[in-house]
Amino acid sequence: MEENREGRKAGGTYWENDDISKEIYNFAYRVMERMNAPKDYGTGELMRMVDAHILTLIADNPGITVVEVAKAWDRTSGRISQVVSSLVKRGFVERRKEPGNAKNVHLYATEKGIALSKAHKSYDSRRGEIGQQVSAGKYTEEEEKIFRKVLRALIEYYESGK
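Residues numbered from 1 in each chain as written. Predicted model: local features only at pLDDT ≥ 70, side-chain atom pairs only at ≥ 80, totals over all residues. Heavy atoms only, no water.

Draft legend 1. Inspection of the side chain of Thr-65 at higher detail. With respect to the element layout, Thr-65 can be found in the loop between helix H2 (49–60) and helix H3 (66–73). Look at Thr-65 and you get buried, because its relative accessible area is 18%. Sequence-distant contacts of Thr-65, that is, excluding residues within four places in its chain, are made with Val-105, His-106 and Leu-107. (Helix = DSSP H or I, 4+ residues; strand = E, 2+ residues; numbered from the N terminus. Buried < 20%, exposed > 50% of the residue type's maximum accessible area, 1.4 Å probe, protein only. Contact = heavy atoms within 4.5 Å.)

Draft legend 2. Focus on the packing of H2 against helix H5 (residues 111–126). For the pair H2 and H5, the least separation of the axes is 9 Å and the interaxial angle reads 115°. Of the two elements, H2 crosses H5, and the hand of that crossing is left-handed. Across the interface between the two elements, Ala-52, His-53, Leu-55, Thr-56, Ala-59 and Asp-60 from H2 touch Gly-113, Leu-116, Ser-117, His-120, Lys-121 and Asp-124 from H5. (Axes fitted to C-alpha atoms, helices over the stretch in contact; angles between N-to-C directions. Left-handed = near helix turned anticlockwise from the far one by under 90°.)

Draft legend 3. Representation of the environment of Lys-121. Take Lys-121: it is sitting in helix H5. For Lys-121, a relative accessible area of 39% puts it in the partly exposed group. For the pair Lys-121 and Thr-56, spaced 65 residues apart in the sequence, the C-alpha separation amounts to 8.1 Å. Beyond its immediate stretch of four places on either side in the chain, Lys-121 contacts Thr-56 and Asp-60. For Lys-121, the side chain forms a polar contact with the side chain of Asp-60, separated by 2.8 Å. (Polar contact = N/O pair within 3.5 Å; in protein donor to acceptor, adjacent residues only side chain to side chain.)

Structure representation (structure tokens):
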């Protein structure tokens, strides 16, 4: 297939003409798939990565509120409430009303929730995260700086709603 003066293939598909967008899309899709796929972190219970991270935040901060979790995760209180409701229903979290003020509800991990949170932390520490690879010298300091710069640019782009 002939290339035009911009180096793009004449008549090529969208993906053939935009390799970097394809790579970004494929990366984002894989991350989304992984975050949404239920996984057993070692307790016999299946849980999505996002839910496990929210549970861990609750376990590490007994008495935290939905609003505080939402702020920590930069999500809406409504979305966090949905996740918390699921965690409550499954016995990982309990809600407790503040004495003297029934409007204020605090979140606490149950023993079952604490066990899964610990298992999830252990799983994460064994996985060989990209950050651990950088720390271990797999990437140079300059490569890490470039990677972080690109990540920040991508985050800003997607947060802008363009």
